[in-house]
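The lines below spell out each chain.
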Amino acid sequence: MSAETYRDAWGIPHLRADSAAELARAQGRVTARDRAWQLEVERHRAQGTSASFLGPGALSWDRLARRARLADTARRCFTALERQDPETAAWVRAYVDGVNDGLAENDPAPEFARTGLAPGHWEPWTPLGVWLGTHLLFAGFPAKLWREHITGHLGPEAVALFATDGPGTAGSNGWLVSGERTTTGHALIAGDPHRFIEDPGVYQQIHLSCPEFDVVGLAVPGVPGVAHFGHTGTVAWAITNAMADYQDLYRERLRRTGAGVEALGPDGTWHRAARHTERVEVAGEETVEVEVIETDRGPVIAGGPEGLDDGTPAALSLRHPPRVTADLGFGALLPLLRARTVADVDRALDAWTEPVNVVQAADTEGGLLHRVAGRVPVRPEENGLRPVPAWEPGHEWTGWHTPPRAGLTDGVAVMANQRGPSTPLGVEFAPPHRADRIAALLAAKEHWSAPDMPTIHTDTHLASATPLLNHLTALTAPTTATTPTTPAPPTTATTPTTATTPTTAITPATPPTTPTPTATTATTPATPPTTPSPLTPEAAALGARLLAWDRRMDADSTDAAAYAALRAAVVRRLAAHPALAPASVPPAYPEVLQPWLALVPRVAYALEHLLRADDLYGIDRAATVRAALEEVAAAPPPGTWGDTHRLAPWRALPDATGPAAEPGLSGDHDCVLCTSPVPGLTDRAARGPAARYVWDLADRDNSRWVVPHGASGVPGSPHHRDQQPLWLAGELTPVITDFTRLTKESDD
């Protein structure tokens with residue numbers, strides 16, 4: 001036996017080989033068989049060449065990839081890996097050899113014919129480029145541009161009002177239940193990573209077996225091993241986004257000279273910047289020339305010596321750990337596969353770089369782990385808030401933070417991107433609703449089993465509806481209040497009343513760098529309250545209906561649809577108000593960064609803060625909600641939440657079937673079942689659970705998982721979308737590790 005490929009009933013690949021290197025080669029080969037188109041798209045994105053076959057819509061990303069020097073950084077990191085960890089470098093090479101074998105031996109996927117693209121050749125550094133391209137925007141450095149933008153319009157107080165996870169960030173749910181709280185006496189780990197839902201999916205279910213290790217997990221196509229979610233039989237681990245801030249933007253002063261470009265440094269002198277030009281091919285259009293400049297801080301990703309495209313004087317350089325250290329953390333991947341205990345996982349994660357994650361792990365001996373993994377620079381507080389001037393001293397990186405650790409409370413730990421152990425490392429975090437809800441559900445039952453976990457995965461209670469519903473209460477009360485108080489949310493028989501966080505370490509006090517939104521003071525006097533006319537009968541009936549609603553965003557709920565319509569109307573009206581509307585015109589930064597600067601999504605995701613603040617720049621929020629209620633009552637949504645809240649997966653080539661062909665979804669942005677619309681713009685959900693998993697430490701074969709589509713990325717394959725009905729229903733497929741229960745596909 002060199003390498004063998006088996007499949008289960010869901011087409012999931014199970015690989016067995018004589019060595020780790022042969023297994024890596026088999027993993028690369030089977031990934032190319034199942035996902036050739038996806039691999040080639042990711043390779044081209046890492047190189048900044050995707051517009052050559054995808055057209056002008058991909059140009060903005062390609063320009064960013066070139067200017068940020070993603071491919072060059074990947075090459076640097078692989079060169080350093082060869083020098084410092086030759087075993088891992090050889091293992092990565094074996095994976096790449098398998099990818100090239102698979103691309104060469106298979107009939108191209110249909111997308112290749114549609115674009116005229118032929119499968120290309122992977123270099124040893126390509127997996128590192130794929131990892132960089134996947135995670136460059138993961139930490140949300142463009143949020144610093146938003147903070148600067150909104151501060152310029154509304155003052156520094158506005159930063160806290162709009163502080164929430166922005167349109168481009170990614171999050172996750174994850175919970176660890178110790179053996180004392182399970183039916184078996186062994187730990188359970190469960191959760192779901194929330195990312196843009198792509199087709200093919202961003203995670204690949206896989207089983208990797210050789211004499212050194214036997215691991216099941218969720219791999220990133222194009223990257224060897226199992227990085228984020230894995231189970232070795234004796235230890236399992238999972239991650240959530242720590243929401244750490246580890247990328248900095250510097251405002252540069254650049255000037256052209258006869259020899260090239262110079263940048264003004266913090267020492268007050270001009271320093272030569274690296275400069276060259278590259279040409280980006282664009283399908284159907286002229287080739288575009290891109291100027292690539294790199295200062296002592298990092299590559300210039302926006303603007304230049306002549307400023308932005310509209311002439312605004314600006315040049316922004318990006319500084320992030322892999323570019324500085326030539327280390328992408330790939331040295332952690334083999335040790336993770338070889339791990340047998342949480343101590344092994346812990347040691348492996350000491351080499352982790354990015355993205356910065358909160359990791360939960362457990363082993364069969366009762367060991368538990370809850371820590372942050374990744375590299376976050378030590379630098380001044382201002383660096384984390386906005387772009388800082390490169391020519392002023394005091395903004396340098398001076399070291400690396402020690403990753404924080406946390407414990408469990410009452411036998412559980414919950415992470416859902418809220419303020420937790422990573423609080424000292426970040427600026428903005430997700431609202432606490434998902435974490436609080438998971439903790440409340442876990443607290444409602446003393447002992448849990450693996451089959452119980454989907455009830456948490458699929459919970460649709462929307463706690464963030466409270467502020468808007470409070471305004472409805474005030475509108476329908478005998479005496480109308482301009483700014484209502486916030487009573488406790490109602491409870492139902494299916495809604496646990498306990499909403500405590502799992503540990504005090506997981507919800508510390510808000511740091512002084514991010515003041516609470518309720519402390520915001522407007523710069524414009526509030527409009528004096530007036531006595532409104534009575535609500536129309538239709539609006540009064542709609543208000544009463546929503547106040548009786550159970551706050552569950554179920555796909556078959558007409559009340560959820562009505563609430564979403566009201567919320568969207570409020571968002572649009574607030575964004576159009578003269579106090580906020582000027583912020584709707586963003587600076588002329590590259591198109592790929594514009595989602596972080598869009599006003600309507602920012603209002604949507606910060607709506608509960610905006611409705612609860614003591615004052616909102618003189619905006620009469622009671623009148624705004626009232627007008628929105630009348631608007632929706634006059635033209636109510638005709639169907640259920642799932643009629644408009646449909647999946648909107650990203651495809652490199654858009655599907656001709658359009659959005660109506662995609663399924664309706666339960667959930668919402670702040671539900672545990674996190675399927676994110678953009679209120680005020682669209683009910684469609686581009687982000688959601690990119691996988692679900694339950695790792696059982698009592699018996700790995702009692703573990704479960706599911707992905708949104710299927711194991712195959714080839715349209716027309718029986719396993720292209722065969723898991724979607726399960727994913728929609730909140731069901732999971734069994735994890736099978738016994739090769740005698742699998743179907744052998746090939747010997748390689």
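Scroll up to find the structure this text is about.
The structure reproduced in this document is the subject of the present report.

Cut-offs used in this document
- Residues numbered from 1 in each chain as written.
- Predicted model: local features only at pLDDT ≥ 70, side-chain atom pairs only at ≥ 80, totals over all residues.
- Heavy atoms only, no water.
- Helix = DSSP H or I, 4+ residues; strand = E, 2+ residues; numbered from the N terminus.
- Rg over C-alpha atoms; globule rule 2.2 N^0.38 Å.
- Buried < 20%, exposed > 50% of the residue type's maximum accessible area, 1.4 Å probe, protein only.
- Areas by Shrake-Rupley, 256 points an atom, 1.4 Å probe, with all protein chains shown as cover.
- Pairing = 2+ DSSP bridges.
- Salt bridge = Lys/Arg side-chain N within 4 Å of Asp/Glu carboxyl O.
- Lys, Arg positive; Asp, Glu negative; His and termini not counted.
- Axes fitted to C-alpha atoms, helices over the stretch in contact; angles between N-to-C directions.
- Parallel < 35°, antiparallel > 145°, perpendicular 65-115°, else oblique.
- Contact = heavy atoms within 4.5 Å.
- Nonpolar A, V, L, I, M, F, W, Y, C, P; charged D, E, K, R; others polar.
- Left-handed = near helix turned anticlockwise from the far one by under 90°.

**Comments concerning the overall build of the protein**
What the protein contains, in helices and strands, is 22 helices and 25 strands. Scaling as 2.2 N^0.38, a compact globule of 748 residues should have a C-alpha radius of gyration of about 27 Å, and the protein matches this with 26 Å. Once the C-alpha set of the protein is aligned to its principal axes, its extents read approximately 80 × 70 × 50 Å. The 748 residues of the protein split such that 61% are buried. Here the protein has roughly 26200 Å² of accessible surface; of this, 53% comes from carbon and sulfur atoms.

**Quick word on the pairing of strand E8 (residues 235-241)**
Buried residues dominate E8, accounting for 7 of its 7 residues. Every second residue of E8 is oriented toward a common face, with Val235, Trp237, Ile239 and Asn241 on one face and Ala236, Ala238 and Thr240 on the other, all of them buried. Summarising the sheet, strand E7 (residues 229-231) and E8 pair through 2 bridges and their orientation is antiparallel. Bridged to His231 within E8 is Ala236. Counted between consecutive antiparallel strands, the loop separating E7 from E8 contains 3 residues, among which Gly233 sits at a positive phi close to 105 degrees. With 7 bridges connecting them, E8 and strand E16 (residues 357-363) associate as antiparallel partners. Considered in E16, the bridge of Trp237 is made with Ala361.

**Some details on the pattern of salt bridges**
Counting across every chain of the model gives 47 salt bridges. Among the ionic pairs, Arg371 bridges to Asp350, the shortest N-O distance being 2.9 Å. With Arg371 in strand E17 (residues 368-373) and Asp350 in the loop between helix H12 (342-349) and E16, this pair connects stretches of sequence that are 21 residues apart. You can call Asp350 exposed: its relative accessible area is 53%. Measuring nitrogen to oxygen at the nearest pair gives 3.5 Å for the salt bridge that ties Asp459 to Arg552. Taken as a pair, Asp459 in the loop between helix H14 (454-457) and helix H15 (466-476) and Arg552 in the loop between helix H16 (537-547) and helix H17 (558-576) lie far apart in primary sequence, 93 residues in all. Across the pair, Arg552 and Asp459 agree in class, each one buried. One salt-bridge network, held together by shared partners, links Arg7, Arg33, Asp34, Glu105 and Glu745.

**Points about the side chain of Glu111**
Within the secondary structure, Glu111 is located in helix H6 (residues 110-115). We note that Glu111 is buried and unpaired, the nearest opposite charge coming from Arg114 at a distance of 6.2 Å.

**Points about the packing of helix H4 (residues 70-84) against helix H5 (residues 86-105)**
Contact geometry for H4 and H5: axes closest at 5 Å, N-to-C directions at 130 degrees. Comparing the axis directions of H4 and H5 gives the class oblique. Along its contact with H4, which presents Phe78, Leu81, Glu82, Arg83 and Gln84, the element H5 presents Pro86, Thr88, Ala89, Val92 and Arg93. For the contact of H4 with H5, a count of residues per class yields 5 nonpolar, 2 polar and 3 charged.

**Digging into the environment of His186**
Here His186 is to be found in the loop between strand E3 (171-177) and strand E4 (188-196). By relative accessible area, which is 28% here, His186 ends up partly exposed. For His186 and Asp363, which are 177 residues apart along the polypeptide, the C-alpha to C-alpha distance reads 8.3 Å. Apart from residues lying up to four places away in sequence, His186 is in contact with Gly179, Thr364, Leu697 and Ala698.

**A closer look at the packing of H16 against H17**
With their axes 10 Å apart at the nearest point, H16 and H17 run at an angle of 115 degrees to one another. Viewed along their axes, H16 and H17 form a crossing whose handedness is left-handed. Residue-level contacts link Leu542, Arg545 and Leu546 of H16 to Thr558, Asp559, Ala562, Tyr563 and Leu566 of H17. Looking at the contact of H16 with H17 residue by residue, the classes come out as 5 nonpolar, 1 polar and 2 charged.

**Section: the sheet that holds strand E14 (residues 300-303)**
If you walk across this open sheet you meet the 4 strands as E14-E15-E9-E18, and the pairing is mixed. The strands lining the two open edges of the sheet, one partner per strand, are E14 and strand E18 (388-389).

**A word on unusual backbone geometry**
Of the consecutive residues Asp199 and Pro200, the connecting peptide bond is found in the cis state with omega at 5 degrees. Relative to the helices and strands, Pro200 resides in the loop between E4 and strand E5 (204-210). Note that the residue after Glu354, namely Pro355, is joined by a cis bond; omega there is 0 degrees. Among the structural elements, Pro355 can be located in the loop between H12 and E16. The phi torsion at Met243 lies on the positive side, around 60 degrees, for a residue other than glycine. Counting through the fold element by element, Met243 comes out in the loop between E8 and strand E9 (248-251). Notably, Asn417 is not glycine yet its phi reads approximately 70 degrees, a positive angle. Assignment of secondary structure puts Asn417 in the loop between strand E19 (412-415) and helix H13 (433-443). Judged by its relative accessible area of 1%, Asn417 is buried.

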